[in-house]
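Residues per chain, in single letters:
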There are 2 protein chains.
Amino acid sequence: MNAPDLPSLAGLAIGAADIDAAASRLAGVAHRTPVHTSRQADERAGGRVFFKCENFQRMGAFKFRGAYNALAQFSAAQRERGAIAFSSGNHAQAIALAARLLGMPSVIVMPTDSPAAKLAATREYQRGQRGSEVVLYDRYQEDREAIGRRLAEQRGMTLIPPFDHPHVMAGQGTAAAELIDEVGPLDKLLVCLGGGGLLSGCAVAAHVRAPGIEVIGVEPEAGNDVQQSLAAGRIVKIDTPRTIADGAQTQAAGALTFAVIQRLVRRVVTVSDAQLVSTMRFFAERMKMVVEPTGCLAAAALLEGVVEARGQRVGVIVSGGNVDLPRYAELIGAAAAA
Amino acid sequence: MNAPDLPSLAGLAIGAADIDAAASRLAGVAHRTPVHTSRQADERAGGRVFFKCENFQRMGAFKFRGAYNALAQFSAAQRERGAIAFSSGNHAQAIALAARLLGMPSVIVMPTDSPAAKLAATREYQRGQRGSEVVLYDRYQEDREAIGRRLAEQRGMTLIPPFDHPHVMAGQGTAAAELIDEVGPLDKLLVCLGGGGLLSGCAVAAHVRAPGIEVIGVEPEAGNDVQQSLAAGRIVKIDTPRTIADGAQTQAAGALTFAVIQRLVRRVVTVSDAQLVSTMRFFAERMKMVVEPTGCLAAAALLEGVVEARGQRVGVIVSGGNVDLPRYAELIGAAAAA
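Since the structure is predicted, the reported quantities are computational estimates derived from the model, not experimental observations. (Residues numbered from 1 in each chain as written. Chains lettered and ligands numbered in written order. Predicted model: local features only at pLDDT ≥ 70, side-chain atom pairs only at ≥ 80, totals over all residues. Heavy atoms only, no water.)

Per the secondary structure count, chain A includes 14 helices and 10 strands. Principal-axis analysis of the C-alpha atoms gives chain A an extent of 55 × 55 × 40 Å. Each of the 338 residues in chain A was classed as buried or not, and the buried ones make up 62%. A fraction of 76% describes how many contacts in chain A between residues 6 or more apart in sequence connect residues 24 or more apart. Entry remark: accessible area of chain A is about 12500 Å², with carbon and sulfur atoms responsible for 46%. (Helix = DSSP H or I, 4+ residues; strand = E, 2+ residues; numbered from the N terminus. Buried < 20%, exposed > 50% of the residue type's maximum accessible area, 1.4 Å probe, protein only. Contact = heavy atoms within 4.5 Å. Areas by Shrake-Rupley, 256 points an atom, 1.4 Å probe, with all protein chains shown as cover.)

As structure tokens, this is what we get:
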């Protein structure tokens, strides 16, 4: 497991043991999501493709893994006060659900213009949990980080960031660990990339299990901050990108996630929104799965020919399936008519 | 396994051994489809619900099981000439794929106005298979059964009907067998019902594995021929029903399937098209699965409160996921906007 040509994990925020410990905490709590295959996907890629279906994870995305792994490590005093998160997306629901399961309060800071379905889902997870609430803010007037920090301080709650946290990263890495433990060694692993929590955790898990594996991050074309950062050798911050991949609209990777990516990720590629829509259609039509735009990033790179994998065994993380139905219908319907 | 209160299987077209033999033939060929669960579904039903996901089966529906089980039992002479089927739906694709896998020709008789996607999918399965073709007929002028029989006679091919055949019925029954073998005994099993191939096979498999289980068939409201037949004590034939459940637009059950249903199925209930659409949305939004209207029949009866199951363990067969994307988008999008 420590072949001389393997990159060292020394100095990184997480190591192999952190992912194993996260897997133990998540056992019986998170779904061990299924791995699906498709003859058509294999034909398109010219190899053998294994899709790790985190759209079937609890609350519909991998984010539950990291959130639960973080909250499960709270001290008794931290549990008493609870957790706080700022997010309009899957991280919000993940924290709300993990807090509920662990019997602690949660406060989620969300923009006033969040989709009604996401607000409702978050509140549903908080239902009956004393001290839990959604705090709304005006995204054009207020700074969510400042609000989150102020609330955390006032209420003594622990703020859990969406990706740049060792417990979050280790939790997300269990997705790749389960995949490789189930299907065996892989030549390549493609991972959706926003802030880098999923990619960094999966990269560590994959390198331990499949020495020499090529781990590739996939960003939206309009938001290639990590690709730029790798080229620059430092974290580059961009404007909020315009893309349908709303889970990857991050402006910059985190310090902890970027250090792992620099060390373990061979390259970062990008896909267009049109390629994401085409992949959403492929998943619906051929694999009967609902996948959100962000969840299609890794698959799109393979199925649309951005990454070549002829004759190889390739793992693809399908990161989530949370998309409003009217929006989903519009995207797959419009593309179908085109 | 032969408790005195168990209905006898004597005289029926299939028995327990036929389903076990089918399972052996299908091992490593058909997908052992996953069983999904959902907290929301459990809450709605007030029990524990296990969804057997045949939408993830090869070619997207349970029909592959019966088709392959039938073709795999062909004699050498039959294999040489191949199989013929008349169907515009999942049975067509199932026969085409099973024939290809077994290296024999297939002829599929389809109406000229079949959806382009289904025509294309069937032809894709036949690609490169000598002697295979799609024969089109005018559904308003010609009789598909007569065409099928004539072609079968002329070419010496074996006609495989979509449901009223022991090998087809036994193959379909492996879905319920896998479900109960995986999750344990159930109080109720809900099964989508068109011609009765799936229901009859599953009823036999379920009664052998879970004595006393209540097996319920679910038909579209507009096409309740089997419900009428059970009341009349004989097979009732109805006009082709108007329903979005295109896989259950059968006019009458078969002689073999009805005999099993009369003996082993406690009751048949119906659901409306609106309830099917609501259930399609539930599957997409909550369980991230694409399910065709017909595939929602059994689930709709439970989730829409037609069948009560408080405190019970309930199996639900999700029969397929083949629906044209524009149509699917229209159904889930329109319902979402309503």
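Let's shift gears to the environment of Glu 145 of chain A. Among the structural elements, Glu 145 of chain A can be located in helix α7 (residues 144-155). The spatial distance from the C-alpha of Glu 145 of chain A to the C-alpha of Ser 87 of chain A is 9.7 Å, given a sequence separation of 58 residues.

The next thing to look at is the pattern of salt bridges. Residues and elements named next belong to chain B. A full pass over the atoms with the stated rule returns 36 salt bridges over all chains. Put simply, Arg 44 and Glu 304 hold a salt bridge, and the shortest N to O gap is 3.8 Å. Separated by 260 residues along the polypeptide, Arg 44 in helix α2 (residues 39-45) and Glu 304 in the loop between α13 (297-303) and β10 (313-318) bring together distant segments of the chain. For Arg 44, a relative accessible area of 42% puts it in the partly exposed group. (Salt bridge = Lys/Arg side-chain N within 4 Å of Asp/Glu carboxyl O.)

Screw-axis analysis of chain B against chain A gives a translation of 0.0 Å along the axis, an RMSD of 0.0 Å, and a rotation angle of 180°. Such a combination of turn and shift is consistent with a two-fold rotation axis. Both copies contact each other with a shared surface, as 100% of the interface residues of chain B are interface residues in chain A too. (Least-squares fit on C-alpha atoms with pLDDT ≥ 70 in both.)

Residue and element names in this part refer to chain A. If you walk across this open sheet you meet the 4 strands as β5-β4-β3-β6, and the pairing is parallel. For this open sheet the edge positions go to β5 (133-137) and β6 (158-159), each flanked by a neighbour on one side alone. Across 2 bridges, strand β3 (residues 83-86) lies against β6 in parallel orientation. Bridge pairing links Ile 84 to Leu 159 in β6. (Pairing = 2+ DSSP bridges.)

This model, assessed by the stated rule, comprises 7 aromatic pairs over all chains. Geometrically, the ring pair formed by Phe 282 of chain A and Phe 283 of chain A is edge-to-face, given 6.4 Å between the ring centres and 70° between the ring planes. Per residue, the accessibility class of Phe 282 of chain A equals that of Phe 283 of chain A, and both read buried. Both rings, one in Phe 64 of chain B and one in Tyr 68 of chain B, keep their centres 5.6 Å apart while their planes meet at 40°; by these two values the pair is tilted. Separated by 4 residues within a single helix, Phe 64 of chain B and Tyr 68 of chain B lie in helix α3 (residues 63-71), roughly one turn from each other. Just as Phe 64 of chain B is buried, Tyr 68 of chain B falls in that class too. The structure contains a cluster of three or more aromatic residues connected by ring pairs, namely Phe 51, Phe 282 and Phe 283 of chain A. (Phe/Tyr/Trp six-rings, centres within 6.5 Å; stacked < 30°, edge-to-face > 60°.)

With that settled, consider the interface of chain B and chain A. Each partner contributes residues to the interface: chain B has 28 residues there, and chain A has 28 residues. Together chain B and chain A conceal approximately 2300 Å² of surface at their shared face, both sides included; 59% is due to carbon and sulfur atoms. Its largest share of buried area at the contact with chain A, chain B owes to Arg 39, Lys 288 and Leu 325 of chain B, together 30% of the area lost on that side. Where chain B touches chain A, the interface holds 4 salt bridges. Among the salt bridges present, the one from Arg 39 of chain B reaches Glu 124 of chain A, with a minimum N-O distance of 3.8 Å. Between the two partners, chain B and chain A, sit 7 residue pairs in polar contact (both at pLDDT 80 or more). (Buried area = accessible area lost by both parts, 1.4 Å probe. Polar contact = N/O pair within 3.5 Å; in protein donor to acceptor, adjacent residues only side chain to side chain.)

Looking now at the sheet that holds β10 of chain B. All names here are of chain B. Here 6 strands make up an open sheet; going across it, the order is β1-β2-β10-β7-β8-β9 and the pairing mixed. Strands with a single pairing partner mark the edges of an open sheet, and in this sheet they are β1 (35-36) and β9 (267-271). By the bridge criterion, 5 bridges tie strand β7 (residues 188-192) to strand β8 (residues 214-220) in an arrangement that is parallel. Its bridge partner being in β8, Leu 190 is matched across the sheet by Ile 216.

All names here are of chain A. In terms of domain boundaries, chain A breaks down into domain 1 (3-61 + 165-337) and domain 2 (63-159). Look at where the C-alpha atoms of domain 1 and domain 2 centre, and you get two points 24 Å apart. Of the residues lining the interface, 25 residues belong to domain 1; the matching set on domain 2 comes to 18 residues. Counting each side, the surface lost to burial between domain 1 and domain 2 is near 1800 Å², with a carbon and sulfur contribution of 55%. Ranking the residues of domain 1 by area buried against domain 2 places Arg 25, Met 59 and His 167 at the top, with a combined share of 34%. The interface formed by domain 1 and domain 2 contains 3 salt bridges. Seen at the junction of domain 1 and domain 2, the total is 11 residue pairs in polar contact (both at pLDDT 80 or more). (Domains from an automatic or database assignment.)

Moving on, we get to the pairing of β3 of chain A. All names here are of chain A. Here β3 shows two buried faces, one formed by Ala 83 and Ala 85 and the other by Ile 84 and Phe 86. As paired strands, β3 and strand β4 (residues 106-111) are joined by 4 bridges and run parallel to one another. Note on β4: the bridge partner recorded for Phe 86 is Val 109.

Moving on: the nonpolar core. Membership of the largest hydrophobic core comes to 88 residues, with the highest contact counts inside it found for Phe 51, Val 316 and Tyr 328 of chain A together with Phe 51 and Tyr 328 of chain B. Leave out the neighbours within four places in its chain, and Phe 51 of chain A touches Pro 34, Val 35, His 36, Ala 41, Phe 283, Met 287, Ala 299, Val 316 and Val 318 of chain A. Ala 22, Val 183, Val 191 and Ile 213 of chain A belong to the second-largest nonpolar core, a separate cluster that totals 38 residues. (Core = buried A, V, L, I, M, F, W, Y, C linked by side-chain atoms within 4.5 Å.)

As a further point, take the side chain of Thr 294 of chain A. Looking at the element boundaries, Thr 294 of chain A is found in the loop between α12 (273-287) and α13 (297-303). Only 2.8 Å separates the side chain of Thr 294 of chain A from the backbone nitrogen of Gly 247 of chain A, close enough to count as a polar contact.

With that out of the way, let us pick up the confidence of the model for chain A. Where the model shows low pLDDT, its predicted coordinates should not be examined in detail. Taken as a whole, chain A shows an average pLDDT of 94; of its residues, 97% reach a score of 70 or greater. Scored as a whole, the predicted complex attains pTM 0.94, and scored at its interfaces, ipTM 0.92. (pLDDT = per-residue confidence, 0-100.)

What follows is about the pairing of strand β4 (residues 106-111) of chain B. Residue and element names in this part refer to chain B. Counting buried positions over the 6 residues of β4 gives 6, a clear majority of the element. Of the two faces of β4, both are covered, the one formed by Ser 106, Ile 108 and Met 110 as well as the one formed by Val 107, Val 109 and Pro 111. Crossover handedness for the path strand β3 (residues 83-86) to helix α5 (residues 90-101) to β4: right-handed. Two strands pair when backbone bridges link them, and β4 and strand β5 (residues 133-137) are joined in this way by 5 bridges, in the parallel orientation. Within β5, the position partnered with Ile 108 by the bridge is Val 134. (Right-handed = clockwise from strand over helix to strand, strands pointing away.)

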